[in-house]
Amino acid sequence: MSLARQLMKNKMALCCLMIISIIILLGIFAPYIAPFDPNKVRIVRKYASISTEHWLGCDHLGRDIFSRLLYGIRSTLFLSLLTMTITIIVGSIIGLISGYQRGKLDEVIMRLCDIMLSFPSQVMILAIVGVLGVGIENVIIANIVVKWAWYSRMIRSSVIKYSRKNYILFSRAIGAPHSFIIRRHLLPNIMSELVVLATLDTGWVILNISALSFIGLGVQAPTAEWGLMLSEAKNVMIQHPMQMVYPGIAILVVVAAFNLLGDCLRDILDPKEKTHV
């Protein structure tokens, strides 16, 4: 049974896919959906309550919260997906080379991975951002630097496991090019594991970007970003608690959707690992 059919039969996976797809579409078409400019300051509308004009009210500068949430999808989710894409590409290439070639090159790469993985990820990210400076570009670089080693090690393990299969040994015996073996035999086998890992890690990256923006190291004002919106609302969380609720719920929904989708994909692609609650 194809992956698409299995996903269609899994209600939880289908629900998560729909949520993620809707949010992505809202982010893409934010300029056409948002009723106001997300960065337009209107002090006269400061902390305006929910109305037909402002569906979620306004913030401390009179900016429409609903519009900022829509544009925040681009800063939070889209940047997280970009980070994961680059991380997967870098980690997969290094992991494939390490697992397929073996020898001294494999030893050097694995020792480098050991060094990278020996440091707590959050500490490493803060250290890299501290050295490179404040900004979302440096946050993305920090996440890639921290995560590539983990993906390289996981891909290497899968490559070594599948390299011992008879059909790959046969391909090597008849002199098939290495590029053919990697493209036609190894990549299709490790792709399912890679998809599961990437889906689960996307939520982690979203939380990292939001957290760093919250403490002032990520996305900078006035750009709309969910973590930054939380940071701007924390000073009035008693007087105007809904200022923090909206971006908080947005982060919760997206992260939960990716995590649940990753769990569903793991159960579908590897039934032996299926957990029973």
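Conventions adopted
- Chains are numbered independently. Their residues run from 1 in the order of the written sequence.
- It should be noted that, the model being predicted, local features are given only for residues of pLDDT at least 70 and side-chain atom pairs only at 80 or more, the latter also being counted only at that level, while totals for whole chains, interfaces and linings use all residues.
- Computation of side-chain values: all heavy atoms of the structure, hydrogens and water removed.
- By nonpolar core is meant a set of buried Ala, Val, Leu, Ile, Met, Phe, Trp, Tyr and Cys residues that side-chain atoms within 4.5 Å join together.
- Partly exposed residues are those whose accessible area sits between 20% and 50% of the maximum for their type, while under 20% is buried and over 50% is exposed, using a 1.4 Å probe and protein chains only.
- Counting from the N terminus, the helices are DSSP H or I runs at least four residues long and the strands are E runs at least two residues long.
- Helix span, as expected, comes to 1.5 Å for every residue beyond the first.
- Given a residue, its bend is the angle between the two axes fitted to the seven residues that end at it and to the seven that start from it.
- Each patch is built from residues lacking any salt bridge and having more than 30% relative accessible area; the joining distance is 9 Å for like charges and 5 Å for nonpolar side chains (Val, Leu, Ile, Met, Phe, Trp, Tyr).
- Only the protein chains shown count as covering a residue, and every accessible area follows the Shrake-Rupley method with a 1.4 Å probe.
- Salt bridges are counted wherever a side-chain nitrogen of Lys or Arg sits within 4 Å of a carboxyl oxygen of Asp or Glu.
- For this analysis, residues touch if any pair of their heavy atoms sits within 4.5 Å.
- Confidence of the predictor in every single residue is expressed as pLDDT, which spans 0 to 100.
- To obtain each axis, a line is fitted to C-alpha atoms, and for helices this fit is confined to the stretch in contact; angles are then taken between N-to-C directions over 0 to 180 degrees.
- Note on convention: the crossing is left-handed when the near helix lies turned anticlockwise from the far helix by less than a right angle, right-handed when the turn is clockwise.
- Residues are grouped as follows: Ala, Val, Leu, Ile, Met, Phe, Trp, Tyr, Cys and Pro are nonpolar; Asp, Glu, Lys and Arg are charged; every other residue, Gly included, is polar.
- Within 6.5 Å between ring centres, the rings of Phe, Tyr and Trp (the latter by its six-membered ring) count as paired, and their orientation is classed by plane angle as stacked under 30 degrees, edge-to-face over 60, tilted in between.
- When the NZ atom of lysine or the CZ atom of arginine is within 6 Å of a ring's centre and also within 35 degrees of its normal, the charge is said to sit over that ring.

## Regarding the nonpolar core
Here is step 1: Counting 37 residues, the largest nonpolar core has I136 and Y151 as its most contacted members.
Here is step 2: Of all the elements in the fold, those that place two or more residues in this core are α4 (65-101), α5 (103-117), α6 (121-132), α7 (136-163) and α9 (178-214).
Here is step 3: Take this core: its biggest share by element is 12 residues, from α7.
Here is step 4: One finds A13, I23, I73 and Y246 within the second-largest nonpolar core, a separate group that totals 29 residues.

## Points about α7
At 3.6 residues per turn, the α-helix brings residues three or four places apart onto the same side.
Here is step 1: With 28 residues, α7 extends 39 Å between its outermost C-alpha atoms, agreeing within 8% with the 40 Å of an ideal straight helix rising 1.5 Å per residue.
Here is step 2: The axis of α7 is deflected most strongly, by about 35°, at K147.
Here is step 3: Most of α7 sits inside the fold, with 20 of its 28 residues counted as buried.

## Let's talk about a nonpolar patch on the surface
Here is step 1: A grouping of I19, M242, V245, I249 and V253 is seen on the molecular surface, where their side chains present a nonpolar patch of about 350 Å² in accessible area.
Here is step 2: Looking at the element boundaries, I249 is found in helix α11 (residues 242-269).
Here is step 3: Judged by relative accessible area, which is 44%, I249 ranks as partly exposed.

## Comments concerning unusual backbone geometry
Here is step 1: In the segment running from A221 into P222, the intervening peptide bond is cis, with an omega of 10°.
Here is step 2: Along the chain, P222 turns up in the loop between α9 and α10 (226-233).
Here is step 3: A positive phi angle is found at Y47, which is not glycine, with a value near 55°.
Here is step 4: When you line up the elements, Y47 lands in the loop between α3 (30-33) and α4.
Here is step 5: A positive phi angle, close to 55°, is found at R102, a residue other than glycine.
Here is step 6: The residue R102 is located in the loop between α4 and α5 in this model.
Here is step 7: By relative accessible area, which is 36% here, R102 ends up partly exposed.

## Focus on the side chain of N138
Here is step 1: For N138, the location among the structural elements is in helix α7.
Here is step 2: Judged by relative accessible area, N138 falls into the buried class, the value being 15%.
Here is step 3: Look past the residues within four positions of N138 in its chain and what remains in contact with it is V129, L132 and G133.

## As for the confidence of the model for the protein chain
Here is step 1: For the protein chain, the mean per-residue pLDDT works out to 87, and 95% of the residues sit at or above 70.
Here is step 2: Per-element averaging of pLDDT across the protein chain places helix α1 (residues 3-9) at the bottom with 70 and α3 at the top with 93.

## Comments concerning the environment of V255
Here is step 1: Mapped onto the fold, V255 is located in helix α11.
Here is step 2: Judged by relative accessible area, V255 falls into the buried class, the value being 8%.
Here is step 3: Separated by 52 residues in the primary sequence, V255 and G203 have C-alpha atoms spaced 4.5 Å apart.
Here is step 4: Once you skip the residues sitting within four places of it in the chain, V255 turns out to touch G203, I206 and L207.

## Side note on the packing of α4 against α9
Here is step 1: Following both chains from N to C, one finds α4 and α9 inclined at 145°, their axes separated by 8 Å at the closest point. Taken as a pair, α4 and α9 cross one another with a handedness that is right-handed.
Here is step 2: Of the residues assigned to the contact of α4 with α9, the class counts are 17 nonpolar, eight polar and one charged.

## Considerations on the packing of aromatic side chains
The description of two aromatic rings rests on the distance between their centres and on the angle between their planes.
Here is step 1: For the structure shown, the criterion picks out three aromatic pairs.
Here is step 2: Arranged with centres 5.0 Å apart and planes meeting at 45°, the rings of W55 and F66 form a pair that is tilted. Pair noted here: W55 is in the loop between α3 and α4 and F66 is in helix α4, with a separation of 11 residues, a long-range link.
Here is step 3: Of the residues examined, W55 reaches a relative accessible area of 52% and is grouped as exposed.
Here is step 4: Judged by its relative accessible area of 17%, F66 falls in the buried class.
Here is step 5: Both rings, one in W150 and one in Y151, keep their centres 5.3 Å apart while their planes meet at 85°; by these two values the pair is edge-to-face.
Here is step 6: Exposure remark for W150: the relative accessible area of 28% places this residue in the partly exposed category.
Here is step 7: In this structure, K147 packs its charged tip against the face of W150, placed 4.9 Å from the ring centre.
Here is step 8: Of note, K234 hangs over the ring of F214, and the distance from its end group to the ring centre comes to 5.7 Å.

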